[in-house]
Amino acid sequence: MNSETQNNTHPAALFPMLLLAIWFICQTYASASNINVTGPGDRNSQLPSISTYAPSFAPVGETVLVNLLPSRNSSPIAVTLIEFSTATGGVITAPLTQETPNLMSFRVPAGAITGKTALIGTDGSRKNEQPEFRVVAFGLRARGFTVVNRTQYTMGSVKDGTTELLPANVVGISPGSARFFTMTLSNTRARTIDLALIRFPLSGGRQSVMNLREEVILPRQPGVIVSAQTRVVLSVERLTVAEVLGAVNGNSEWKIIHRGLQRSMTVTPEGLVTLVQQPQFVGQQPIISTFTLEEVSWPENAESVQFALRNGTGRVGEILLLSAPFDAFSANRLGSFRNTDIPFFVPGGEPEEYVADAVPMFVRRIR
């Protein structure tokens with residue numbers, strides 16, 4: 001009787017044990033299923049974010065630039081699509097084209113409406129709640145010009161004559177970024193735009209690097225009375241060594257100061273460097289040598305630029321260091337000139353040698 005009772009437990013007594021077993025199995029499965037699995041939301045930190053659009057509104061079919069804030073994640077994910085809402089409650093995407101590391105472009109897709117956008121990564125992950133973009137009618141498209149800063153330095157000022165177009169609270173247009181400026185442009189008269197490039201020294205503050213002058217004008221098409229184009233893109237390209245040496249709108253002249261020798265350097269906008277040593281005696285001919293410029297190192301907002309001279313066979317002389325404000329540098333060897341060159345003959349004696357106390361040549365810009 002007692003043994004029979006022990007072997008036939010009442011079903012109601014098994015119910016709590018069954019619930020406990022089910023809970024344990026579910027918890028075990030949930031833990032196992034979450035191993036090494038990362039949801040799309042967890043990858044948001046690996047995607048960049050949109051800072052601004054240039055311009056911030058456009059009609060369907062127009063190209064827009066997107067400034068990105070890069071991800072600080074150690075394993076960033078690239079983005080390939082931008083997503084818009086549609087009037088029917090759905091979504092539509094447009095491909096993104098890489099312009100610079102932090103600048104992309106897209107063409108406004110048909111069906112897109114005004115609203116916040118989303119970025120979609122190469123692995124399908126997405127980042128919602130990007131800034132609002134306005135899709136407008138064709139007749140309300142933005143009028144003006146977009147500046148794309150591809151130089152090595154921040155664009156600290158954009159002026160139309162005496163009018164500063166950058167708002168006072170804007171630090172500038174950083175390298176690889178773009179900004180749209182509202183302005184009425186003409187098909188016949190160019191607008192002169194003055195651009196000031198700056199750098200941020202390690203000691204703080206900001207320091208002027210150089211000024212550039214560009215023109216913007218609506219494109220003209222033969223036979224077309226009124227152009228449908230109302231905005232243009234002004235792309236300020238990366239600075240060349242010749243430009244930073246002063247050869248922007250013409251040749252740049254430099255004087256080489258070394259032991260009384262009459263030496264000079266001319267730099268052309270095309271990157272040609274001519275070194276000239278004037279004769280010391282009547283009847284002698286000038287010594288003229290021509291080289292080309294080579295950029296060696298030029299990081300963004302750099303304190304200095306490294307460059308060298310080349311001839312037909314290779315680099316001539318040393319790697320030169322040109323520090324801001326880029327108006328003087330020194331060299332032990334510059335092309336065909338050396339710091340041990342003999343400056344003159346001593347009457348009645350041997351030529352003076354300056355090997356023991358050789359001093360660098362000082363090169364200063366004069367024009």
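Residues numbered from 1 in each chain as written. Predicted model: local features only at pLDDT ≥ 70, side-chain atom pairs only at ≥ 80, totals over all residues. Heavy atoms only, no water.

1. Some points on the packing of aromatic side chains
Given two aromatic rings, their pairing is described by the distance between the two centres and the angle made by the two planes.
Item 1. Counted under the stated rule, the structure contains nine aromatic pairs.
Item 2. For the pair F84 and F133, a centre-to-centre distance of 6.2 Å together with 70° between the ring planes defines the contact as edge-to-face. With F84 in strand β4 (residues 79-85) and F133 in strand β11 (residues 132-135), the pair connects residues that are 49 residues apart, well separated along the chain. Just as F84 is buried, F133 falls in that class too.
Item 3. Each residue in the set Y53, F84, F106 and F133 is aromatic and connected to the rest through ring pairs, giving one cluster.
Item 4. Over the ring of F138 we find R141; its NZ or CZ atom is 3.9 Å from the centre of that ring. (Phe/Tyr/Trp six-rings, centres within 6.5 Å; stacked < 30°, edge-to-face > 60°. Helix = DSSP H or I, 4+ residues; strand = E, 2+ residues; numbered from the N terminus. Buried < 20%, exposed > 50% of the residue type's maximum accessible area, 1.4 Å probe, protein only. Lys NZ or Arg CZ within 6 Å of the ring centre and 35° of its normal.)

2. Quick word on the sheet that holds β11
Item 1. In spatial order, the strands read β2-β11-β8; together these three strands make up an open sheet with mixed pairing. With partners counted over all chains shown, the strands left at the sheet margins are β2 (57-58) and β8 (115-116), one partner each.
Item 2. With two bridges connecting them, β8 and β11 associate as antiparallel partners. Opposite K116, over in β11, you have E132 as the bridge partner. (Pairing = 2+ DSSP bridges.)

3. What to know about the layout of surface pockets
Item 1. What the largest pocket holds in volume is close to 350 Å³.
Item 2. Elements with a minimum of two residues in the lining of the largest pocket: β1 (49-54), β3 (63-69) and β15 (177-182).
Item 3. Its residues assigned to classes, the lining of the largest pocket comprises ten nonpolar, seven polar and two charged. (1 Å grid on protein atoms, 1.4 Å probe; cavity = no way out; pocket = protein on both sides within 12 Å on 5 of 7 lines; lining within 4 Å. Points joined across faces, edges and corners; volume = space filled by probe spheres on them. Nonpolar A, V, L, I, M, F, W, Y, C, P; charged D, E, K, R; others polar.)

4. Quick look at the nonpolar core
Item 1. Counting residues in hydrophobic clusters, the biggest one holds 51 residues, and the most contacted among them are F145, M265, F329 and L334.
Item 2. With four residues, strand β17 (residues 207-216) is the largest single contributor of residues to this core.
Item 3. Once residues lying within four places of it in the same chain are set aside, the contact partners of L334 are I256, M265, L275, L309, L320, F329, M361 and V363.
Item 4. V64, V66, M104 and F133 belong to the second-largest nonpolar core, a separate cluster that totals 20 residues. (Core = buried A, V, L, I, M, F, W, Y, C linked by side-chain atoms within 4.5 Å. Contact = heavy atoms within 4.5 Å.)

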